[in-house]
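Observations on the three-dimensional arrangement
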Amino acid sequence: MTRTVAVVGAGVAGVGVADALRETDAAVTLFDKGRGISGRAATRRKHGCRYDHGANYIKPGEDAWVDDLLDELGTDGLADIEEPVWTHDADGTIAEGRDDESHKWTYVQGITQFAKRVRERADAPVHKSTRVESIDRDEDGWHLTDTDGEDYGPFDVLVLTPPAPQTADLLADTDWADDRLARLHDAVDAVPYRTIRTLVLHYPFELDRPWYALVNPDREHPVGWLSREECKPGHVPDGESLLVAQMSPGWSVDHYDDPAEDAAAAAADLVATLLDDDRLTEPDWVDSQGWRYALPDAAVDAEAARCAEDAGLFVAGDWVVGEGRVHRAFENGRTVGARVADHLA
Ligand SMILES: Cc1cc2nc3c(=O)[nH]c(=O)nc-3n(C[C@H](O)[C@H](O)[C@H](O)COP(=O)(O)OP(=O)(O)OC[C@H]3O[C@@H](n4cnc5c(N)ncnc54)[C@H](O)[C@@H]3O)c2cc1C
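These remarks concern the structure in this document. Since we're looking at a predicted model, the values are computed, not measured. Numbers given to residues run from 1 along each chain, matching the order in which its sequence is written. A pLDDT threshold of at least 70 governs which residues receive local features in this predicted model, and a stricter bar of 80 or more applies before side-chain atom pairs are shown or counted, although totals over entire chains, interfaces and linings include all residues. Based on all heavy atoms of the structure, the side-chain values leave hydrogens and waters out of the count.

**As for the site of the ligand**
Here a residue is near a molecule or strand as soon as one of its heavy atoms is found within 4 Å of it. In the neighbourhood of the ligand, 33 residues make up the surrounding shell, with Asp-32, Arg-40, Tyr-57, Asp-318 and Val-326 lying closest. At a separation of 3.5 Å, a nitrogen atom of the ligand approaches a polar backbone atom of Gly-324. Protein coverage of the free-state accessible area of the ligand, which is 1000 Å², stands at 95%. A run of H or I in DSSP counts as a helix once it spans at least four residues, and a run of E counts as a strand once it spans at least two, with each numbered from the N terminus. Of all the secondary structure elements, the ones that give two or more residues to the shell around the ligand are α1 (12–20), β19 (285–296) and α10 (326–344). The dominant element in the shell around the ligand, judged by the number of residues it contributes, is β19, at 3 residues. Gly falls in the polar group here, along with every residue not listed as nonpolar (Ala, Val, Leu, Ile, Met, Phe, Trp, Tyr, Cys, Pro) or charged (Asp, Glu, Lys, Arg). For the shell around the ligand, the class distribution of residues is 15 nonpolar, 12 polar and 6 charged. All the domain ranges listed were derived from an automatic or database domain assignment. Both domain 1 (4–41 + 115–190 + 300–344) and domain 2 (45–110 + 193–296) contribute no fewer than three residues apiece to the shell around the ligand. Any pair of nitrogen or oxygen atoms within 3.5 Å is treated as a polar contact; in protein, a donor-acceptor pairing is required on top of that, and neighbouring residues in sequence qualify only through side-chain atoms on both sides. The method behind every accessible area is Shrake-Rupley, applied with a 1.4 Å probe, and residues are considered shielded solely by the protein chains displayed.

Given below as structure tokens:
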């Protein structure tokens, strides 16, 4: 009989689970509350521009496995950002450095291509715009209910991949009379996350700088990260520039609920001062995204995270490894997927 696996979340960890199971006879179904897939490795299109407003690029992992994987997924549209990452400090002093000369991968079509290509090769169906609200377990397996009251299941295995606070909410809404549930919930609930508000600032002129991005290593400047999306092939038409400003966690929390125009105006002032260019106070259009759960600040307790695996309940994601990186989240998805395969064997 075909064994069934439900994966909540079609970010890179979720598609990593499906990828690990692609050569087994398990039937994997992904569920995502978003209209697309790829989670925080996100791309938007507006006014002829394309921009990655969550994860900026994919770093190569150790042992070149990321480069090999990207090769397997197809190099058509794969783009390596050539310009370096520089730094700025609390006083706004810009300096060379930090760039480790390694690849900075994205795609002409945007960073979401990575998850899209993985999902395609895994050939796993996705229920998009489907927010899972509650879970229950009976003798037949795991059942899911979405916010429209639609039921799915039973599934032999359930893998939860939303950011830890959202996974903790789902576990709080899980009906399963077993002590492992509380242990798992408490461990997941304890994972701290940083908040980042991303502001996108577009200008109808080119900005000539020697760097792709500035990062603020001392974390004392309100602009945590500033990148020039035009350094990515195919993202910004010639003669324009598009800045992606990821604001510091402190600034982001203070301004999280400000209207987009106000937050963008405040960010544009900070950016103009940082780059010493008054023209930057007046972008011709802006965009905004709040990432309440942007990056994990620690990893979940590893033993507690695996305590319900015997019962077919698994978790995966960047918070399981404790590092907010696309390649680490994907790698964790694949590792967890391999354990799911063992569980089903
Ligand atoms: C601003 C920002 C900048 C970053 N920069 C970089 C970078 O430059 N390089 C890098 O490597 N990494 C970067 N990261 C980190 C990287 O994006 C993440 O570590 C990685 O994408 C996490 O993948 P994931 O699959 O674990 O989680 P997610 O991408 O969060 O996927 C979880 C999915 O679960 C879905 N979901 C949540 N709740 C439910 C529910 N109830 N029902 C159904 N679906 C649900 C969500 O819609 C989401 O698609 C950045 C992140 C942010 C926010």
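**Observations regarding the nonpolar core**
Residues Val-5, Val-12, Phe-114, Val-159 and Val-340 are the most contacted members of the largest nonpolar core, which totals 40 residues. When contributions to this core are tallied by element, the ones reaching two or more residues are β1 (4–8), α1, β2 (27–31), α2 (65–73), β8 (105–107), α3 (112–122), β13 (157–160) and α10. Broken down by element, the residue count for this core peaks at 6 residues, all from α10. When residues of this core are sorted by domain, at least three fall in each of domain 1 (4–41 + 115–190 + 300–344) and domain 2 (45–110 + 193–296). Leaving out residues up to four positions away in the same chain, Val-340 has contacts with Val-5, Leu-21, Val-157, Val-159 and Phe-314. In terms of nonpolar packing, the next biggest core, distinct from the first, is built from 32 residues, Ala-6, Trp-176, Tyr-193 and Leu-313 among them. Among buried residues, those of type Ala, Val, Leu, Ile, Met, Phe, Trp, Tyr and Cys that are joined through side-chain atoms within 4.5 Å constitute a nonpolar core. Think of it in three bands: residues with accessible area under 20% of the maximum for their type are buried, residues over 50% are exposed, and the middle band is partly exposed, with areas taken using a 1.4 Å probe on protein chains only. Throughout, a contact is declared for two residues whenever any of their heavy atoms are within 4.5 Å.

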